[in-house]
Amino acid sequence: MKKIIIAIDGYSSCGKSTIAKDLAKKIKYSYIDSGAMYRAVTLFCLENGLFIGDTLDEKELQNLISEIKITFHFNETTGKSDTYLNGRNVEREIRGMGVAAKVSPVAAVGFVREEMVRQQQAMGQEKGIVMDGRDIGTVVFPEAELKIFVTARPEIRAQRRMAELLAKGDKVEFDEVLENLSTRDRIDSTRKDGPLRQACDARVLDNSDMTVDEQNALVFRWFEEAAG
Ligand code: DC
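Predicted, not measured: the structure shown is a model, and the values here were computed from it. (Residues numbered from 1 in each chain as written. Predicted model: local features only at pLDDT ≥ 70, side-chain atom pairs only at ≥ 80, totals over all residues. Heavy atoms only, no water.)

Peer 1: An account of the pattern of salt bridges is needed here, citing residue identities and associated values.
Peer 2: Throughout the structure, instances matching the rule amount to 16 salt bridges. Residue Asp54 is joined to Lys102 by a salt bridge in which the shortest nitrogen-to-oxygen separation is 3.1 Å. Residue Asp54 is located in the loop between strand S3 (51–52) and strand S4 (55–56), and its partner Lys102 is located in helix H4 (residues 97–107); the two are separated by 48 residues in the primary sequence. You can call Asp54 exposed: its relative accessible area is 64%. In this structure, Glu225 engages Arg203 in a salt bridge whose closest nitrogen and oxygen atoms are separated by 3.1 Å. Placement of the pair is Glu225 in helix H9 (residues 212–227) and Arg203 in strand S10 (residues 203–206), with a sequence separation of 22 residues. (Salt bridge = Lys/Arg side-chain N within 4 Å of Asp/Glu carboxyl O. Helix = DSSP H or I, 4+ residues; strand = E, 2+ residues; numbered from the N terminus. Buried < 20%, exposed > 50% of the residue type's maximum accessible area, 1.4 Å probe, protein only.)

So, in structure tokens, the structure goes:
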């Protein structure tokens, strides 16, 4: 079987990373979480005082962007890949609320996207990669052999997100979670650079009424078809 590139895009909290991780593990490909890269840049901005309140100092970030190098390394203890910012493991910090609250504006900056896309494309040079995000099938790897666009009904996504937050001990209301998801979808879909869009040659996976096993089986079948 030839090695291919698999691009998985879709809305927030629709299960992209579960699909991508499970598939990568099964077929022994590398898994790259491109959202983690935008989160790591956001952590860099926070640590270097580039936010004044909610305002990002884009000029200073532009001066520093070439110094930001993001890599992934497998963690034997957790059995998952960790995100490294300039050689430092930042996996835990990038998942916190501080980063989550500021990542959207950082991910919308054109030169940030350019640099991340450059680093992502370098990671895919050898193929054998599953990458998830918003613009992977459209901008990062428009030639990917398998593109999957994942979606689910907003109420289902909000329920899943709410379950995750409750499991972490965060007290949240359903309406608040639903509103937050639709705001993020709107920002991701309407930004100028690398907006969330379904590639015209993507296969659509609506997993609203599917179990994880059902979706994994379907995605594996698509992989076999694409890798020939
Ligand atoms: O998938 P996530 O929630 O970890 O993504 C974090 C943020 O990065 C989110 O605001 C969407 C953005 N993102 C992006 O703009 N492009 C990508 N390829 C991946 C994520």
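Peer 1: Can you explain the site of the ligand? Please cite residues and give values.
Peer 2: Near the ligand, the surroundings consist of 15 residues, among which Ser34, Arg39, Arg113, Asp135 and Arg191 are the closest. Within the contact set of the ligand, an oxygen atom lies 2.8 Å away from a side-chain nitrogen or oxygen of Arg39. The contact in question runs from an oxygen atom of the ligand to an N or O atom on the side chain of Arg134, over 3.1 Å. A total of 450 Å² of accessible area belongs to the ligand in isolation, and the protein chains cover 93% of it. (Near = heavy atom within 4 Å. Polar contact = N/O pair within 3.5 Å; in protein donor to acceptor, adjacent residues only side chain to side chain. Areas by Shrake-Rupley, 256 points an atom, 1.4 Å probe, with all protein chains shown as cover.)

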